Every structure is written in C-alpha cells, then in structure tokens.
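Listed below, chain by chain, are the residues.
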Amino acid sequence: MSLYPAPEESGFYGHVDKAIYDARPDIKAVIHAHPPALVSFSIVRKLPDMNIIPQAKHVCGPMGYAKYALPGGEELGEKIADEFKKGVMSVIMENHGTVVGGSDLKDAFVRFETLEFSARTIINASTIDSPKYLSDSQIEVFESSIPKDLPELAEVEHPAAELSIRRNISELIRRSCEQGLMIGSYGTVSVRWKKNDFLITPRNIPRWEIGVEDIVQIRDGKREPGKLPSRAISVHAEIYKSNPHINSIILTQPPHIMAFGVSMAKLDVRTIPESWVFLQDIPVVEFGQQFDRAKDLAGMFSRNTPAVIIRTDSIIVTGDKLLQTFDRLEVAEFSARSLIMGKPLGNLSPISELQIEDLRKKFLPE
Ligand SMILES: [Zn+2]
C-alpha cells in the first residue's frame, strides 16, 4: 500500500473521469496517479509486461497507451476514453502517469497497486539482470490451478489459543502490506495450531483487508465451513507435515526479492552477518512446483533452509513464531534491496567461506 498519490488534481480532471464513465458503464471507479515506477514506463514510452508475476495479467487486465495531451483539456479525456473503449482496464499516459478503472474503488486500487508493483519488479530485475516473463500457458496453468476444496468441518470451535493466532495473522498481514512486503492481490500467511492443524489466510480478499474473522481454520484436513483457504494451501499443509520445527509460513512477493525471483541473478545473502545467520542460503525452484510437486517443495525446507524462492512467483519464508518468520522476511527484503542498490557501485564481495564457518559455530550450533 506504500504508493504515492497524485497531487491534488480534482476538478482539473473531472472530464477525463466523465469521458471514461461514458465510454465504459462497467467502470464505477477511476484512479489517476503518478506512481514512480509506472511514470518511469510512461516517460520511456513503454508498457510494462504483465506476464512478470502469475496473477498480474488476470488482476490488471489488458493495458492501453494514450499519447500525450495537455492536462485539463478535452483532448486528453478523449484519448484516454478511446483506449478504455477497446476494453482495457488501465491506461499508461505518455509523459504523465496512469489511469486505472475498476468495478468499485477497492477493485481499482488492487489493480493499481499490482500494476505499480509489477513495474517496480521489472525495473529492479533490469537493474541486476534481465527479467524473465511467464508464458501465457504458464499463466493459464496458474489460473486453472485452484485446488479441489477440502471438505467442510461439521463443527468448529474457537478456543482462546485459536483466536490469538487469528489476531497475530491479521495484524502481521496488515503490517506486511504497510511495509511494502506484500500486495493486496497475492500472499498467504499461516500458523500451526496443534499437530498438523493450522490457520491460514483466505483467497479472494485483498490482503490488507483480511480481518480476524476471515482467517480459515484447517483441522483434520478439513476447512472451516463457508470459507475458502488460500490457493497455496497444499504447500503450507505439506510444509507442516514434513517439518515439525516449522510453526509459521509467509508466502509473498516483495518487490526487491522478486527482482531475483524473476531473473537469473542469485539472491546471495552472504552480504552481512545478520542476513546469512537469519536466512543462510536461499534455493530457487522452478515455477509450477507449488502446484504439482508441493511435497518435494516442502521437503526442501530444513533448519538450514528457512526460505525458498519459487521462480517468477514468490518467496516462502518459514520459522517458529510468526514474528520470527516476519523478521526473516524483512531481512531478506533488505538484503535484496542492498544488492540491487549496490549494483551500480560494483559487484558483491561476499563474506568468505571461513567467515561463514565462524558465524555457523557461534550462532547456529548443531
Ligand atoms: Zn496527472
């Protein structure tokens, strides 16, 4: 949610909005803004390719491109409305910014946020390497991969411990969104409750809006009645089954970690002692494993491998307490950011093998 709003332009743009509403009765809300990454695309006159992460193409819909026109003039309104008439849900305005439509303000905002996030990921990945895009068929596989829903529980109880987990998840997911570690259209958080039972975030709700009552209880392989768990549920279930030491999981797409996720550059956390001690080495698995090889993916985690990147999808971070998992995620994102920012200065000089051994002995004794 950490996006930059446009300067106050109300009145100035009234007829742009009207032209869009006249052209597209299905659009009920419009956001016009100049967020930095989308403006970067606008001033080099390019459209960001939404095949950069699995949900973006579907969430954002096709994009249009409107040639420059004087702000506040009718010509600009016409040029933008002409693009919307083609059926697009958002438009890049040449040397200006973006206009995004939605069925309501929330819908428009999720789209706007995902667009800016995708643009940032492409820019960050281009700084360290070059972004690799998903094919249309990979995106189709993703869209059709909604898991067969677990059967519903006959009865559900919410003892105090269960309620406290709900509060933790809901609070932490809001914090992740506020700190730019998660966006509304993607991300799953879960916490083990007892044995292999756990609580997990739902699907189809913008992440920054998930409340205590939206969290889904999973008990004995069944789900809380009337609620749909996240699509990533099978990976979470398998991780808990095969890793008794793991009690919480965050799956998300932070914009600097994802620069490594969508390119072939390695997220080498041998940057500073804290990064390596928190994360050790972060392996990468290919896109698709989260659907058809969830068990293999779960088997990659261990005490020495708390985080795994799924290429062009997300990072999965695990830990004991949820706060510990969140700390790891934060450290990983900061490390990724330092690597990207350091790139124009020179190549990473990593901590040596000998220094790593010292860190292992002191901080991670067997
Ligand atoms: Zn403007």
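Criteria and cut-off values
Residues numbered from 1 in each chain as written. Predicted model: local features only at pLDDT ≥ 70, side-chain atom pairs only at ≥ 80, totals over all residues. Heavy atoms only, no water. pLDDT = per-residue confidence, 0-100. Contact = heavy atoms within 4.5 Å. Axes fitted to C-alpha atoms, helices over the stretch in contact; angles between N-to-C directions. Helix = DSSP H or I, 4+ residues; strand = E, 2+ residues; numbered from the N terminus. Parallel < 35°, antiparallel > 145°, perpendicular 65-115°, else oblique. Left-handed = near helix turned anticlockwise from the far one by under 90°. Salt bridge = Lys/Arg side-chain N within 4 Å of Asp/Glu carboxyl O. Buried < 20%, exposed > 50% of the residue type's maximum accessible area, 1.4 Å probe, protein only. Polar contact = N/O pair within 3.5 Å; in protein donor to acceptor, adjacent residues only side chain to side chain. Pairing = 2+ DSSP bridges.

1. Quick look at the confidence of the model for the protein chain
The pLDDT averaged across the protein chain works out to 93; a share of 96% of its residues lies at or above 70. This stretch, residues 1-10, has a pLDDT under 50; its non-local contacts, to residues over four places away or in other chains, come to 24 contacts.

2. A few points about the packing of helix H1 (residues 14-23) against helix H4 (residues 74-85)
At a minimum axis separation of 8 Å, H1 and H4 run at an interaxial angle of 30°. One finds that H1 runs roughly parallel with respect to H4. In this structure, H1 meets H4 at a crossing whose hand is right-handed. Listed contacts from H4 to His15, Val16, Ala19, Ile20 and Ala23 of H1 are Glu74, Leu76, Gly77, Ile80, Ala81, Phe84 and Lys85.

3. Points about the pattern of salt bridges
With the rule as written, the count across this model stands at 22 salt bridges. For Lys79, the salt bridge is made with Glu75, and the minimal N-O distance between the two is 2.9 Å. Placement of the pair is Lys79 and Glu75 together in helix H4, with a separation of four residues, close to one helical turn. A single salt-bridge network, built from bridges that share partners, covers Glu162, Arg166, Glu224 and Lys227.

4. What to know about the side chain of Arg270
Structurally, Arg270 can be placed in the loop between helix H9 (257-261) and helix H10 (273-279). For Arg270, a relative accessible area of 14% puts it in the buried group. Only 3.1 Å separates the side chain of Arg270 from the side chain of Asp281, close enough to count as a polar contact. Those residues in contact with Arg270 that sit more than four places away from it in its chain are Trp276, Asp281, Leu348, Pro350, Ile351, Glu353 and Ile356.

5. What about the side chain of Glu162?
By the element assignment, Glu162 lies in helix H7 (residues 160-178). Residue classification places Glu162 among the buried positions, given a relative accessible area of 0%. A distance of 2.9 Å separates a polar atom in the side chain of Glu162 from a polar atom in the side chain of Arg166. Aside from chain neighbours lying at most four places away, what touches Glu162 is Glu157, Trp193, Leu199 and Gln217.

6. Thoughts on the sheet that holds strand E2 (residues 63-66)
Taking strand neighbours across the sheet as the criterion, the four strands line up as E1-E4-E3-E2 in an open arrangement whose pairing is mixed. Strands with a single pairing partner mark the edges of an open sheet, and in this sheet they are strand E1 (29-33) and E2. The average angle at which neighbouring strand axes cross in this sheet is 20°, direction not considered. Contacts from helix H5 (residues 105-128) reach E1, E2, strand E3 (90-93) and strand E4 (97-102), with the element oriented near 140° to E4.

7. Describing the sheet that holds strand E10 (residues 284-285)
Strand pairing in a sheet takes place through backbone hydrogen bonds and is either antiparallel or parallel in direction. Taken in spatial order, the eight strands make up an open sheet running E8-E7-E6-E5-E9-E12-E11-E10, and their pairing is mixed. The open sheet has two edge strands with one neighbour each: strand E8 (222-223) and E10. Across four bridges, the pairing between strand E11 (residues 307-310) and strand E12 (residues 314-319) is antiparallel. If you follow Val308 over to E12, its bridge partner there is Ile316. Here helix H13 (residues 322-342) sits on the sheet in contact with strand E5 (188-194), strand E9 (248-252) and E12, set at roughly 140° to E12.

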